[in-house]
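Single-letter residue listing:
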Amino acid sequence: MKLLAPYAMLTAGLLTTTAWAAPGVVASIKPVHSLVAAVMEGVGEPDLIVDGSASPHTYALKPSDADALQNADLVFWTGHGLELFLGDALETLSTGADVVELAAAPGIVLLPVREGGAFEAHEHDDQHAHDAIHDHDGAEDHAMKGEQSADDEHGEGDMHFWLDPENAKLMVTQIATSLAQADPANASTYQTNAEAQLVRLDELEAEIDAMLAPVKDKPFIVFHDAYQYFEARFGLNLAGSITVTPDTMPGAARIDELKTRLVELGAACVFAEPNFAPTIINAITEGSAARSGTLDPEGGALEAGIDLYPNLLRGLATSLVDCLG
């Protein structure tokens, strides 16, 4: 018995570890990581690729990222249209992992990228965005009107879909399903966590809607066109963007055009982003009554973790109210 008891204890310990060990999970960007961490709470913690203040638009993989991807059982990312640095790496490094493209989660409808950062095109596009974002069940109908369904060719839609809390709920559901399939022993925990997160997201949406109510009609301009899901969900008056993507900086003629349009629109605020120098914002607002602020669509200035997603949306709402109010 003295010889068998330690062996029996060791065997029981190994069985327990095997039954409850969390899978290796990697998330691409902070908002995705936050939602995955919420579903995994009590089981394990996902690794994060784009950490700190780095931007997915300009990110380059580090050796530690490559190791995480190579050892992953499950990888969550938005899809081919945003984390361009990740596409090839997933094919070469994560060959043993299940890769979950959240843009393809059931119910998510991708809005079309608005052309050229032009103000003139926004009024028409905003109505389509409003229609699409308030009817997730009509994906096929919206695709016929110009909206990009997640089932269509990836990379052509606006990939900032996490800024709509209704999309975040769809993401949470997909995350819980994928985790449960990869780790059946912890499926009940993932399901319980997902259900609690859906309730919190409902509460968050109501909170943000109340915060923004006083400033919904006030026009504003953003650095790059990353906010149409947030704009459409909460009925905001986004007058235009300086650029569609931060990879393309406006020239002198475009800045002069924007200064003129700023005065014509009577825009109250122009918003920069923490990852990019504010010099262009200063050039556009110079000589006008418009104020400047900062919006952070990816949570670059926030600490990664479960609380990042609600803090991200609250931060956007607070910045808008502080500048527009």
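Report follows, based on the coordinates.

Criteria and cut-off values
- Residues numbered from 1 in each chain as written.
- Predicted model: local features only at pLDDT ≥ 70, side-chain atom pairs only at ≥ 80, totals over all residues.
- Heavy atoms only, no water.
- Phe/Tyr/Trp six-rings, centres within 6.5 Å; stacked < 30°, edge-to-face > 60°.
- Buried < 20%, exposed > 50% of the residue type's maximum accessible area, 1.4 Å probe, protein only.
- Pairing = 2+ DSSP bridges.
- Helix = DSSP H or I, 4+ residues; strand = E, 2+ residues; numbered from the N terminus.
- Contact = heavy atoms within 4.5 Å.
- Axes fitted to C-alpha atoms, helices over the stretch in contact; angles between N-to-C directions.
- Core = buried A, V, L, I, M, F, W, Y, C linked by side-chain atoms within 4.5 Å.
- Polar contact = N/O pair within 3.5 Å; in protein donor to acceptor, adjacent residues only side chain to side chain.
- Expected span 1.5 Å × (residues − 1).
- Right-handed = clockwise from strand over helix to strand, strands pointing away.
- 1 Å grid on protein atoms, 1.4 Å probe; cavity = no way out; pocket = protein on both sides within 12 Å on 5 of 7 lines; lining within 4 Å.
- Points joined across faces, edges and corners; volume = space filled by probe spheres on them.
- Salt bridge = Lys/Arg side-chain N within 4 Å of Asp/Glu carboxyl O.

What follows concerns the packing of aromatic side chains. Remark: the centre distance and the inter-plane angle together describe each pair of aromatic rings, the angle taken between the planes. Counting across every chain of the model gives four aromatic pairs. Both rings, one in F161 and one in W162, keep their centres 6.4 Å apart while their planes meet at 70°; by these two values the pair is edge-to-face. Of the two residues, F161 and W162, neither departs from the other in class, the shared state being buried.

On to the sheet that holds strand β1 (residues 25–27). Ordered in space as β2-β1-β3-β4, the four strands form an open sheet in which the pairing is parallel. Edge positions in the sheet fall to β2 (47–48) and β4 (98–101), since each has one partner strand and no second. Summarising the sheet, β1 and strand β3 (residues 74–77) pair through three bridges and their orientation is parallel. Each bridged residue has a counterpart across the sheet, and for A27 the counterpart in β3 is F76. Its contacts with the sheet place helix α2 (residues 30–40) against β1, β2 and β3, and it is angled at close to 145° to β1. Sheet strands touched by helix α7 (residues 165–182): β1, β3 and β4. Its angle to β3, the strand with the most contacts, is close to 170°.

Of all the six residues making up strand β8 (residues 238–243), six are buried; the element is thus mostly covered by neighbouring parts of the structure. Across four bridges, the pairing between strand β7 (residues 220–224) and β8 is parallel. From the neighbouring strand, F220 faces β8, where its bridge partner is L238.

Residues F76 and F230 are the most contacted members of the largest nonpolar core, which totals 72 residues. Element by element, the count of residues in this core is highest for helix α12 (residues 308–324), at eight residues. Filtering out sequence-adjacent residues up to four positions away, F76 remains in contact with V25, V26, A27, S28, V32, V36, V100, L102, I175, S178 and L179. Listed in part, the 15 residues of the second largest apolar core include L262, A267, V270 and I284.

Right, let's get into the side chain of H160. Residue position: H160 is located in the loop between β6 (148–149) and α7. Side-chain polar atoms of H160 contact the side chain of D158, separated by 2.8 Å. Filtering out sequence-adjacent residues up to four positions away, H160 remains in contact with H57, L82, H224, A226, Y229 and E298.

The parallel open sheet is built from four strands, whose spatial order is β8-β7-β9-β10. The strands lining the two open edges of the sheet, one partner per strand, are β8 and β10 (291–294). Here the strands of the sheet are splayed against their neighbours by 25° on average, with no regard to which way each runs. The strands touched by helix α10 (residues 252–265) within the sheet are β7, β8 and β9 (269–272), with β8 carrying the most contacts at an inclination of about 170°.

In this section: helix α8 (residues 187–212). For an α-helix, 3.6 residues make a turn, and residues three or four places apart therefore share a direction. Relative to the 38 Å expected for 26 residues at 1.5 Å per residue, α8 spans 37 Å between its end C-alpha atoms, a close match to the ideal helical length. Residues of α8 that are buried include every one of Y190, N193, A194, Q197, L201, L204, E205, I208 and L212, and no others.

Here β3 runs beside β4; their pairing, made up of four bridges, is parallel. Residue pairing for β4: L74 is matched across the bridge by D98. The handedness of the β3 to β4 crossover, carried by helix α4 (residues 87–93), is right-handed.

On to empty space enclosed by the protein. In the structure shown here, the tally under the stated rule is one cavity of 30 Å³ or more. Within this model, the largest cavity holds a volume of roughly 40 Å³. I29, K30, V50, G52, A54, P56, E298 and G300 together form the lining of the largest cavity.

Most of α2 is tucked away, with eleven of its eleven residues classed as buried. Every buried residue of α2 is accounted for by K30, P31, V32, H33, S34, L35, V36, A37, A38, V39 and M40. The inward-facing, buried residues of α2 contact β1, β2, β3, α7, α8 and α12. Just beyond α2, the residue with positive phi is G42, at close to 90°.

A full pass over the atoms with the stated rule returns five salt bridges. With its nearest N and O atoms 3.5 Å apart, the salt bridge here joins E166 to K169. With E166 and K169 both in helix α7 and three residues apart, the pair spans about one turn of that helix. Note that D202 is salt-bridged to K169, the shortest N-O span being 2.7 Å. You can see D202 sitting in helix α8 and its partner K169 sitting in helix α7, a full 33 residues away along the chain. Exposure remark for K169: the relative accessible area of 18% places this residue in the buried category. A network of salt bridges, in which partner residues are shared, links E166, K169 and D202.

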